[in-house]
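One letter stands for each residue in the lines below.
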Amino acid sequence: MVLSPLVRFWDRIDISITRRMNMENRMEYRTKDFYLASCILASGERLIELEQGSGGFSVFVFDCLSERADQIIADHWSRKLVVSTRDLIDAINELKTRL
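Residues numbered from 1 in each chain as written. Predicted model: local features only at pLDDT ≥ 70, side-chain atom pairs only at ≥ 80, totals over all residues. Heavy atoms only, no water.

Undergrad: Help me understand the nonpolar core in this model?
TA: In globular proteins that are soluble, nonpolar side chains generally tend to be buried together. In this structure, Y29, L41, L47, F60, F62 and L95 are the most contacted members of the largest nonpolar core, which totals 16 residues. Of all the secondary structure elements, the ones that give two or more residues to this core are α2 (34-42), β4 (58-63), α3 (66-77) and α4 (85-98). Among the elements that take part in this core, α2 stands out by supplying six residues, more than any other. Beyond its immediate chain neighbours, meaning those up to four positions away, F60 contacts Y29, R30, T31, K32, D33, F34, A37, L47, E49, L50, L95 and L99. (Core = buried A, V, L, I, M, F, W, Y, C linked by side-chain atoms within 4.5 Å. Buried < 20%, exposed > 50% of the residue type's maximum accessible area, 1.4 Å probe, protein only. Helix = DSSP H or I, 4+ residues; strand = E, 2+ residues; numbered from the N terminus. Contact = heavy atoms within 4.5 Å.)

Quick look at the structure:
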């Protein structure tokens, strides 16, 4: 899979996205970026946790394979992500409520 330079940039400097396997071998995808989290949620992925990060930032944790999250983010940055506007608005409202 070829990712856009911007996606590779964010992954390389590791500002907003980290991945790790938890003890149950479930892939967790983490991001501090509110609107990326909204896109991932609107794309049908399940939010499993909202952590309080350092500096007052919240970290959104999704039960999502890294390949799937990478594709959603690549589609988002290349303006190819297709989600229902209602799903996106619902995702934004849900995340705002959880904050």
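This is not the end of the story, as more comes after the structure.
Undergrad: What is the right way to read the packing of aromatic side chains from this model?
TA: For any two aromatic rings, the description comes down to two numbers: the centre-to-centre distance and the angle of the planes. In this structure the tally under the stated criterion is two aromatic pairs. With a centroid separation of 5.0 Å and 90° between ring planes, the pair formed by F34 and Y35 is classed as edge-to-face. Taken together, a centroid distance of 6.1 Å and an interplanar angle of 65° make the contact between F34 and F60 edge-to-face. Here F60 lies in strand β4 and F34 lies in helix α2, a separation of 26 residues in the sequence. Comparing F34 with F60 shows no difference in burial state: the two are buried. An aromatic cluster of at least three residues, connected via ring pairs, comprises F34, Y35 and F60. Cation over ring: K32 sits above F57, and NZ or CZ is 5.7 Å from the ring centre. (Phe/Tyr/Trp six-rings, centres within 6.5 Å; stacked < 30°, edge-to-face > 60°. Lys NZ or Arg CZ within 6 Å of the ring centre and 35° of its normal.)

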